[in-house]
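# A closer look at the structure
Spelled out from the first residue to the last, the chains are:
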Amino acid sequence: EEATNMKDLVEQLLFLARGDNHTMHLQLERFDLGVLAETIHAETEMISGGHVFELETIPSFVVADRGLVKQAARILVDNAIKYTPVGENISIFVRNEGGKVWFTVQDSGIGIPPEDIPYIFDRFYRADESRARATGGTGLGLSIAKWIAERHGGYLEVLSREDFGSRISLVLPSSMAS
């Protein structure tokens, strides 16, 4: 288990190093983020037992690197799973509005303390170390998701309340013209 954790950490650090050195090239293509969300939803239901998953999408096209966008979306879903008690709901929404596409993950988990929200995208930042030890991880996932969003001209949007849950959205420029 420790070897796997170290492998994951090294892979995440290499990803960020390539991003910092501008040596990672994007393979841009036009695709429907709603269809990608359906894929992520189906994969997640197969591997994550115990949570109730909901999906609501509309056709929402982006021009982006599909693999990187899937990686960022998967980070948001994995965080929701990690911080939501078994049996609780996790919802994935994709919407297109005002020239932007939102991939949103809404959970009914532990939430993020307000004083921690400004720092959650910092590398290695972990809100509440006791929770961090219980859930594992490296503190790099949201940093990677932020880098991916920004590299595509987008951003991450966070709304969270302790003991109520979190809603985190990957927001990207829309490409709705055919």
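Residues numbered from 1 in each chain as written. Predicted model: local features only at pLDDT ≥ 70, side-chain atom pairs only at ≥ 80, totals over all residues. Heavy atoms only, no water.

### What about the overall build of the protein chain?
The cut-off we apply is this: Only DSSP runs of H or I covering at least 4 residues are called helices, and only runs of E covering at least 2 are called strands; the numbering of each starts at the N terminus. Partly exposed describes any residue whose relative accessible area lies between the buried limit of under 20% and the exposed limit of over 50%, with all areas from a 1.4 Å probe on protein chains only and scaled to the type maximum. Here a residue-residue contact requires only that any non-hydrogen atoms of the pair lie within 4.5 Å.
When its secondary structure is counted, the protein chain shows five helices and seven strands. Ordered by position in the sequence, the α and β elements of the protein chain form the string α-β-α-β-β-α-β-β-α-α-β-β. For the protein chain, with 178 residues in total, the buried portion stands at 42%. Long-range pairs, those at least 24 residues apart, make up 71% of the contacts in the protein chain with a sequence separation of at least 6.

### A few points about the pattern of salt bridges
As a reminder, the rule being used: A carboxyl oxygen of Asp or Glu within 4 Å of a side-chain nitrogen of Lys or Arg is what we treat as a salt bridge.
Counted by the stated rule, this structure contains six salt bridges. Among the salt bridges present, the one from Glu43 reaches Arg74, with a minimum N-O distance of 3.4 Å. Here Glu43, found in helix H2 (residues 33–47), pairs with Arg74, found in helix H3 (residues 66–83); they are 31 residues apart in sequence, far enough to count as distant. Exposure remark for Arg74: the relative accessible area of 17% places this residue in the buried category.

### What about the nonpolar core?
Cut-off, in case you're wondering: Residue types Ala, Val, Leu, Ile, Met, Phe, Trp, Tyr and Cys, when buried and joined through side-chain atoms within 4.5 Å, form a set referred to as a nonpolar core.
The biggest cluster of nonpolar side chains holds 36 residues, and the ones touching the most others in it are Leu33, Val69, Leu76, Phe103 and Leu170. Contributions of two or more residues to this core are made by H2, strand E3 (61–65), H3, strand E4 (89–97), strand E5 (100–107), helix H5 (141–151) and strand E7 (165–173). Excluding residues within four positions of it along the chain, Leu33 makes contact with Ser60, Val69, Val94, Val101 and Phe103.

### Section: the packing of H2 against H3
Our working definition: Here the axes come from fitting lines to C-alpha atoms, over the contacting stretch only for helices, and the angles between their N-to-C directions go from 0 to 180 degrees. For this classification, under 35 degrees means roughly parallel, over 145 means roughly antiparallel, 65 to 115 means roughly perpendicular, and everything else is oblique. The handedness criterion is simple: a crossing whose near helix is rotated anticlockwise from the far helix by less than a right angle is left-handed, and one whose near helix is rotated clockwise is right-handed. Residue type decides the class: Asp, Glu, Lys and Arg count as charged, Ala, Val, Leu, Ile, Met, Phe, Trp, Tyr, Cys and Pro as nonpolar, and the leftover types, Gly among them, as polar.
Running from amino to carboxyl end, H2 crosses H3 at an angle of 45°, the nearest separation of the two axes being 11 Å. Taken together, the axes of H2 and H3 lie oblique to each other. Here H2 and H3 pass one another in a crossing that is right-handed. Contacts between H2 and H3 involve Leu33, Leu36, Thr39, Ile40, Glu43 and Thr44 from the former and Arg66, Val69, Lys70, Ala73, Arg74, Val77 and Ile81 from the latter. For the contact of H2 with H3, the residue count by class is seven nonpolar, two polar and four charged.

### Focus: H2
Our working rule: To estimate the expected span of a helix, subtract one from its residue number and multiply by 1.5 Å.
For H2, built from 15 residues, the straight-helix expectation of 21 Å at 1.5 Å per residue is met to within 8% by its first-to-last C-alpha distance of 21 Å. Each element contacted by the buried residues of H2 is listed here: strand E1 (28–32), strand E2 (52–57), H3, E4 and E5.

### So, the packing of aromatic side chains
Defined as follows: The rule is short: rings of Phe, Tyr and Trp, with Trp giving its six-membered ring, pair when the centres are within 6.5 Å, and they are stacked under 30 degrees, edge-to-face over 60, tilted in between. Our definition puts a charge over a ring when NZ of Lys or CZ of Arg is within 6 Å of the ring centre and also within 35 degrees of the ring normal.
On inspection of all chains with the given rule, the structure shows zero aromatic pairs. Here Arg30 stacks its cationic end above the ring of Phe61, 4.2 Å away from the centre of that ring. In this structure, Arg161 is placed above the aromatic ring of Phe164, and the distance from its NZ or CZ to the ring centre is 4.1 Å.

### Topic: the sheet that holds E5
Put simply, the rule reads: Between any two strands, pairing holds if DSSP finds at least two bridges.
One open sheet accounts for five strands, arranged E2-E4-E5-E7-E6; its pairing is mixed. Every interior strand has two partners, whereas the edge strands, E2 and strand E6 (155–161), have only one. Each strand axis lies, on average, 15° off the axis of its neighbour in the sheet, ignoring direction. Pairing between E6 and E7: seven bridges, direction antiparallel. Opposite Tyr155, over in E7, you have Val171 as the bridge partner.

### A short note on the confidence of the model for the protein chain
Our working rule: What pLDDT conveys is the predictor's confidence in a given residue, as a value from 0 to 100.
Per-chain confidence: the protein chain averages 82 in pLDDT, with 76% of residues scoring 70 or above. Per-element confidence in the protein chain ranges from a low mean pLDDT of 47 for helix H4 (residues 129–135) to a high of 96 for E5. Confidence over residues 130–134 falls short of pLDDT 50; this stretch has five contacts with residues more than four positions distant or in other chains.

### Regarding the side chain of Asp65
This is how the line gets drawn: Counted charges follow a simple rule, with Lys and Arg positive, Asp and Glu negative, and His plus the chain ends left uncounted. Any N or O atom pair separated by 3.5 Å or less is treated as a polar contact, with the protein-specific requirement of one donor-capable and one acceptor-capable atom, and with residues adjacent in sequence counted only for side-chain atom pairs.
Relative to the helices and strands, Asp65 resides in strand E3. Buried Asp65, no salt bridge; nearest opposite-charge side chain is Arg66, N-O distance 7.9 Å. Here the side chain of Asp65 touches Leu68 through a polar contact of 3.1 Å, landing on its backbone nitrogen. Those residues in contact with Asp65 that lie beyond four places of it in its chain are His25, Leu26, Gln27, Leu28, Phe31 and His152.

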